[in-house]
Amino acid sequence: MKKNLLDKVIGYYFVVLVIVLNLMGLLSTYDVFYSDFISNTLICFGILALILYVIYRIKNKITRKWDLIIILMAFLDYLSYYYAFDRKVALKGFLLGREGLFVIYTYYVIFLLSSVLKDKGVKEKIILVFTICGALQVMYGLFQVLGISNIFGISIIGNWKYASGFVFNSNFFGTYMVLLNGFWMSKFFLAEDVNYKYILILLMFMVGILISGAMSAIVALVFIFFILILHILLGRRINTKKLIKKIGMYLVSLVLIYSVITLWTKSDLTKDIGELCNQSVSTISGNIDETFGTGRIYIWKEAMKYFPDYIYTGIGIDNFAYIGHKDGTYIYDSFNRDNVIYKAHNEYLQILVTEGIFKFAIYILFLGTIFFVTLKNFKLIKKKDIVFSLFLAFLGYLVQAFFNISMTLIAPIFYIISGILISFVEFNN
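Residues numbered from 1 in each chain as written. Predicted model: local features only at pLDDT ≥ 70, side-chain atom pairs only at ≥ 80, totals over all residues. Heavy atoms only, no water.

S.K.: Please explain the pattern of salt bridges as it appears in this structure.
M.R.: This model, assessed by the stated rule, comprises 13 salt bridges. Taking the shortest distance from any N to any O, the salt bridge between E302 and K305 comes out at 3.2 Å. Of this pair, E302 and K305 both sit in helix α12 (residues 292-306), three residues apart, which is roughly one turn of that helix. In this structure, the salt-bridge partner of E355 is K359, at a minimum N-O distance of 2.4 Å. For E355, a relative accessible area of 7% gives the class buried. Through salt bridges with shared partners, one network takes in R64, K65 and E426. (Salt bridge = Lys/Arg side-chain N within 4 Å of Asp/Glu carboxyl O. Helix = DSSP H or I, 4+ residues; strand = E, 2+ residues; numbered from the N terminus. Buried < 20%, exposed > 50% of the residue type's maximum accessible area, 1.4 Å probe, protein only.)

Below, the structure written as structure tokens:
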């Protein structure tokens with residue numbers, strides 16, 4: 001298989017993967033598929049990705065630092081599985097998410113494969129498909145928050161004050177929107193002139209963020225906005241008038257969208273943002289209550305209380321529900337006895353407690369390496385704007401991950417974006 005043909009095959013593999021992820025989400029919304037099917041399908045894509053990556057390695061005969069980091073993470077994950085409280089759960093994942101060992105391995109192979117893409121056109125097609133799928137999710141999310149029961153006889157599932165799109169949960173939907181906002185916010189602000197196509201696309205995904213009602217997504221949006229403006233002020237020759245115009249357009253649009261959403265839907269955005277601000281001030285002042293973050297503080301405290309019992313290999317991949325309960329009893333939210341706590345509601349804490357301190361350290365090294373490799377090589381990169389757009393999406397995901405959980409329909413997209421980012425940096429195309 002010729003190298004350029006292999007590159008196109010890899011590229012179209014990712015186009016199909018993004019489409020399939022969204023299609024499975026849509027069909028699962030209508031109870032056609034369930035979490036087991038999604039995970040098993042993802043694992044099949046992981047096997048195919050591994051085959052393609054092995055072919056790439058054989059043809060290029062190189063070993064990269066990413067291979068070594070991924071192999072080390074995979075080995076530590078295996079130890080977490082081997083010493084897990086419940087090996088079956090560690091292998092297949094907990095019932096409600098099914099994010100077990102093989103799914104995690106799939107994420108890693110997806111990253112490796114996407115990181116060797118060289119064809120710029122194919123990479124742009126992947127981003128285009130991701131954008132189109134995101135637009136469809138926003139449209140469906142609008143139907144949900146507007147209380148529309150059906151369109152052309154097709155029922156709209158999940159009518160509520162906040163949108164969940166095709167990913168079952170408003171927080172997950174918010175994560176999807178963070179990735180898209182990060183990319184298109186950067187595209188709009190870094191364009192030489194005011195590009196109205198970019199602002200319209202960005203407006204759509206701003207709507208997505210706000211109808212999600214996810215405070216983790218709001219925090220990430222604010223963070224990446226300030227990082228972007230800082231990047232423009234420090235690293236570019238800027239036209240001050242154009243920058244002010246773009247900031248004005250962005251903020252006015254944000255206020256208008258916010259006003260329409262709070263007026264036309266049952267959204268509690270104003271109340272939730274107010275609580276977020278009050279809780280942030282209280283936290284900075286040292287007055288932390290367990291109810292903060294809709295009970296996240298309580299969950300985090302419980303996790304850290306039991307962490308010393310599982311410090312080296314964790315309690316087991318996706319075994320968080322059993323932490324502190326060695327007899328196998330589920331643990332429940334103290335504020336809602338019907339709610340099983342099966343995730344730490346913080347991706348980093350989840351890895352620390354379920355997979356152990358060594359895996360946590362290597363995962364942080366993995367993310368840190370992506371971060372510093374991008375910054376170190378940024379001045380040498382030809383396509384600076386698209387690289388920074390991907391970098392902003394990458395940063396946005398990392399911020400929201402402090403308050404959210406990993407999910408099989410969205411985590412693969414994060415790894416694809418991370419891999420494509422590295423491919424632009426290392427191949428400079």
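S.K.: Got a minute to help me understand the nonpolar core in this structure?
M.R.: In summary, soluble globular proteins display a tendency toward joint burial of nonpolar side chains. By size, the foremost hydrophobic cluster in this structure holds 152 residues, and its most contacted members are F14, M185, F189 and F366. The element best represented in this core is helix α7 (residues 170-190), accounting for 13 residues. Those residues in contact with F366, other than ones at most four positions away along the chain, are W66, I69, I70, M73, F111 and Y415. (Core = buried A, V, L, I, M, F, W, Y, C linked by side-chain atoms within 4.5 Å. Contact = heavy atoms within 4.5 Å.)

S.K.: Just to check I follow, could you spell out the environment of Y342 for this structure?
M.R.: Note that Y342 resides in the loop between β4 (336-340) and α13 (347-355). In this structure the C-alpha to C-alpha distance between Y342 and S149, which are 193 residues apart in sequence, comes to 31 Å. Apart from residues lying up to four places away in sequence, Y342 is in contact with F94, L96, G97, D318, F320, A321, Q350 and I405.

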